[in-house]
Amino acid sequence: MARREFSRNQKEEIIERARNAEGKVACERCGLILKKGTWEIDHIIPEALRPEVDKKAKITIAEGQLLGKDCCHRGEEGKTNKDVSQIAKAKRQYNGANGLKRPKQPIKSPGFPKAEKASKRSSEQPLPPRALYKPAEETSR
Ligand SMILES: [Zn+2]
């Protein structure tokens, strides 16, 4: 099932929730005051890690949080990066548990060229074609 997105109204509610006492939007994780356009709404539990049954329910604002792009969401130590590696791990575990892992493949290369002698041997004397039927003399009674 597809990733559930917050509606425009839900985003607004999350933004309002993230406002501090002075009415400024602050990162819901670290509290950094954020300028317009420097935050994103994050799925606290990544949608890719949600069981399908969960996703049948409508998404609520409790499942989202407002994070600063630079402080908590993106960047090396950001949530997105950690989510991505967690999602990859979950996929590997799923594949392993369900036998979906692709078996190891031999490296495809043209291989070694045939030695001169060997190629001569195989091309010099082709086998005579097999007789499709027995000659008449042998089968006559
Ligand atoms: Zn932050």
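As recorded by an unreviewed UniProt entry, the chain carries the name HNH endonuclease and is attributed to Rhizobium azibense.

Student: Honestly, the nonpolar core in this entry has me stumped. Any pointers?
Tutor: Within soluble globular proteins, side chains that are nonpolar tend to cluster in buried spots. Ranked by internal contacts, the top residues of the largest apolar core, which has 13 residues, are Ile 15, Val 25, Trp 39, Ile 41 and Leu 66. Contributions of two or more residues to this core are made by α1 (8-18), β1 (39-43) and β2 (64-68). With 3 residues, α1 is the largest single contributor of residues to this core.

Student: How should I be thinking about helix α4 (residues 79-97) in this particular structure?
Tutor: Given 3.6 residues per helical turn, the α-helix brings residues three or four places apart onto the same face. Between the first and last C-alpha of α4 there are 27 Å, a value that for 19 residues agrees with the 27 Å anticipated at 1.5 Å per step. Along α4, the positions that sit buried rather than exposed are Lys 79, Asp 83 and Ile 87. All buried residues of α4 lie within an arc of 70 degrees about the axis, which places them on one face of the element. With respect to the buried face of α4, the exposed residues turned more than 90 degrees away are Arg 92 and Gly 96. Against β1, β2 and α3 (69-73) lie the buried residues of α4. Phi turns positive one or two residues past the end of α4, at Gly 99, with a value near 65 degrees.

Conventions used here
- Residues numbered from 1 in each chain as written.
- Predicted model: local features only at pLDDT ≥ 70, side-chain atom pairs only at ≥ 80, totals over all residues.
- Heavy atoms only, no water.
- Core = buried A, V, L, I, M, F, W, Y, C linked by side-chain atoms within 4.5 Å.
- Buried < 20%, exposed > 50% of the residue type's maximum accessible area, 1.4 Å probe, protein only.
- Helix = DSSP H or I, 4+ residues; strand = E, 2+ residues; numbered from the N terminus.
- Expected span 1.5 Å × (residues − 1).
- Arc of directions from axis to C-beta.
- Contact = heavy atoms within 4.5 Å.

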